[in-house]
Amino acid sequence: MKQYLLSVYQPDGPPPEPEVLDPIMRDIGAVEQEMKDAGVWVFSGGLHAPSTATVLQRKDDEILTTDGPYVEGKEHLGGFTIVRAPDLDAALEWGRKLAEAIRWLPIEVRPFQGADDD
Amino acid sequence: MPAAARVPVEEIEQVFRAEHGRSVAVLVRVFGDIDVAEEAVQDAFTTALQRWPRDGLPPSPAGWIITTARNRAIDRLRREASRRDRHAQAALLQAEADPTEEGPVRDERLRLMFTCCHPALAPAVRVALTLRLLGGLSTAEIARAFLVAEPTMAQRLVRAKGKIRDAGIPYRVPKEADLPDRLRAVLAVIYLIYNEGHVASSGDRLDRADLGVEAIRLGRLLAELMPDEPEAHGLLALMLLLESRRPTRSVAGGELVLLADQDRRRWDRDLVAEGQAIVRACLRRNDPGPYQIQAAINAVHSDAASVEATDWRQIVQLYDQLLAIAPTPVVALNRAVAVAEVEGPEAGLALVDALDLDGYHLFHAIRADLLRRLGRVGEAASAYAAAIERTDNAAERDYLRRRYEELSP
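Residues numbered from 1 in each chain as written. Chains lettered and ligands numbered in written order. Predicted model: local features only at pLDDT ≥ 70, side-chain atom pairs only at ≥ 80, totals over all residues.

J.: Just to check I follow, could you spell out the overall build of chain A for this structure?
T.: Each helix and strand in chain A was counted, giving 2 helices and 6 strands. Its C-alpha atoms give chain A principal-axis dimensions of about 45 × 45 × 20 Å. Split into buried and exposed, the 118 residues of chain A put 19% on the buried side. A separation of at least 24 residues holds for 76% of the contacts in chain A among residues at least 6 apart in sequence. (Helix = DSSP H or I, 4+ residues; strand = E, 2+ residues; numbered from the N terminus. Buried ≥ 20, exposed ≤ 12 C-beta atoms within 10 Å, placed from the backbone. Contact = placed C-beta atoms within 7 Å.)

So this is what it looks like as structure tokens:
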């Protein structure tokens, strides 16, 4: 089995109105429950806005602290799910379900290194 | 020297080229790794170069290559595994678990084809991988065919194989539910290879025969491996019928000759007969798809002794069918050409003018031809100029320039 990171990228700015957001969150919850029932779910979570991020980086002998996300842009990682899957096809299948639940936002599927436990 | 000996190097190369897809595919299953499989076949080639000239060709070259490659790879992996190379250990483990004598129900090449054409790989990468692994073309040959530098192509292949390994793209024929989509991707890759050989989108020569031949070889293989998929047969028929006209598509000096002006007596009758037989079988099966319909359209052309003798009404009907399942402007453009033959250039032009294909050189070339036939010379001239501006293929450009110059007010 390998592990895959399914990440959601979302545009910066305020979240959609509750009447838009609520059904989306419900659908995402349903997919997560399906993952748990299938025994493939490892972890998932949504993140606060990128403006809440802090970056640490070593410069010479000290660690520099800066406010805001590391990558500049109009879209940032909004949340992610980690699943266990035998191969990319199975991981993409879960990704597809998430993409459907999340409506218009893209899901990026990436394999973890060294997650083979067989 | 015994009579069996004297196998020339070229013959050894040919055998390896012909058996490359099968050998690599079986070894990928054995070792679960493309690089190990390719390296193993390369090792077997080196061994063959030493042995075959002395011992003669083995009775079953494919079996010899696979067995030799497998043994060489296992020896190598044992050495590497003992040095705690985790990658080698994994491949070795996979090989030991592999029931070698199992009679494959489905050809391994089919699995590998679906891996090479996986939607998680970029289309250009699918084409290169398919040619490399199943076609047995060298990286240099593929680079030349697609007019990119060899190191660029090599890097593209390395990255693709890395993604297959690290992301875990499986070696598997997709399950029933995914098969239609995934098969479409495989067909598209083969047809892309054919078209690249048929009309080089840039460069000086119109044909790059090797890719056309290679695409037909892959098409035959796919049709053989998936006998129940009518579109696989449709694609093969389409390529065979297009291929039958290759000798007449250009004249000495490389100039393009359009279908209407081709010397039909020089079409390859064997290819026509084979293509038409497949089309007839597809019609009996009555499960049409875009490739089958395009093949049928070309079969109608192949039947006609001249443009005038062509059954254009039937061609329009086939385009109507094609347009219903593949409603693209390019299909509509080709339909307009057929309509012009049935109802006259005016009717064709009205359809052409309704299309939004300004960037496509053939849109302008077809408009130019219809305008010329309507005697609207000035407009025809500017349409030819627009077409010339939009193609990088020298043979096509020469052809268009010639037509442009032939326009007399």
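J.: Before we go on, may I ask you to explain helix H15 (residues 329-343) of chain B in this structure?
T.: Think of an α-helix as 3.6 residues a turn; residues three or four steps apart then line up on the same face. Residues and elements named next belong to chain B. Between its first and last C-alpha, H15 extends 20 Å over 15 residues, near the 21 Å set by a 1.5 Å rise per residue. Considering only its buried residues, H15 is in contact with helix H14 (312-325), helix H16 (345-353) and helix H17 (361-373). Remark: glycine 344 follows H15 within two positions and exhibits a positive phi of approximately 105 degrees. (Expected span 1.5 Å × (residues − 1).)

J.: Explain the nonpolar core here, please?
T.: All names here are of chain B. Leu27 and Ile190 are the most contacted members of the largest nonpolar core, which has 130 residues in total. Among the elements that take part in this core, helix H11 (residues 230-244) stands out by supplying 9 residues, more than any other. Here leucine 27 is in contact with Ala37, Ala40, Val41, Ile66, Ala69 and Arg70, once residues within four sequence places are set aside. (Core = buried A, V, L, I, M, F, W, Y, C linked by C-beta atoms within 7 Å.)

J.: I tried to follow the interface of chain A and chain B on my own but got confused; where do I start?
T.: A common measure of how large an interface is: the accessible area buried when the components associate. The interface of chain A with chain B comprises 5 residues on the first partner and 6 residues on the second. Looking at side-chain class alone, the side of chain A that touches chain B contains 2 nonpolar, no polar and 3 charged residues. (Nonpolar A, V, L, I, M, F, W, Y, C, P; charged D, E, K, R; others polar.)

J.: Teacher, can you tell me more about the confidence of the model for chain B here?
T.: Residue and element names in this part refer to chain B. Summarising the model, chain B shows a mean pLDDT of 89, and 92% of its residues fall at 70 or more. Across residues 101-105 the pLDDT falls below 50, and counting only partners more than four positions away or on other chains, this stretch makes 0 contacts in the model. Interface confidence in the predicted complex, given as ipTM, is 0.87; pTM for the same model is 0.85. (pLDDT = per-residue confidence, 0-100.)

J.: Hey, could you run me through the pairing of strand S1 (residues 2-11) of chain A in this one?
T.: A regular strand places its side chains so that they alternate between the two faces of the sheet. Residues and elements named next belong to chain A. Two elements, S1 and strand S5 (residues 75-85), share 10 bridges in a ladder whose sense is antiparallel. Within S5, the position partnered with proline 11 by the bridge is glutamate 75. As paired strands, S1 and strand S6 (residues 107-111) are joined by 5 bridges and run antiparallel to one another. Paired with leucine 6 across the bridge in S6 is valine 109. (Pairing = 2+ DSSP bridges.)

J.: How should the sheet that holds S5(A) be read in this particular structure?
T.: The pairing of strands in a sheet comes from backbone hydrogen bonds and takes either a parallel or an antiparallel form. Residue and element names in this part refer to chain A. With respect to topology, 4 strands assemble into an open sheet ordered S2-S5-S1-S6, the strand pairing being antiparallel. Strands with a single pairing partner mark the edges of an open sheet, and in this sheet they are strand S2 (41-46) and S6. In this sheet, neighbouring strand axes are inclined to one another by 20 degrees on average, regardless of whether the strands run parallel or antiparallel. (Axes fitted to C-alpha atoms, helices over the stretch in contact; angles between N-to-C directions.)

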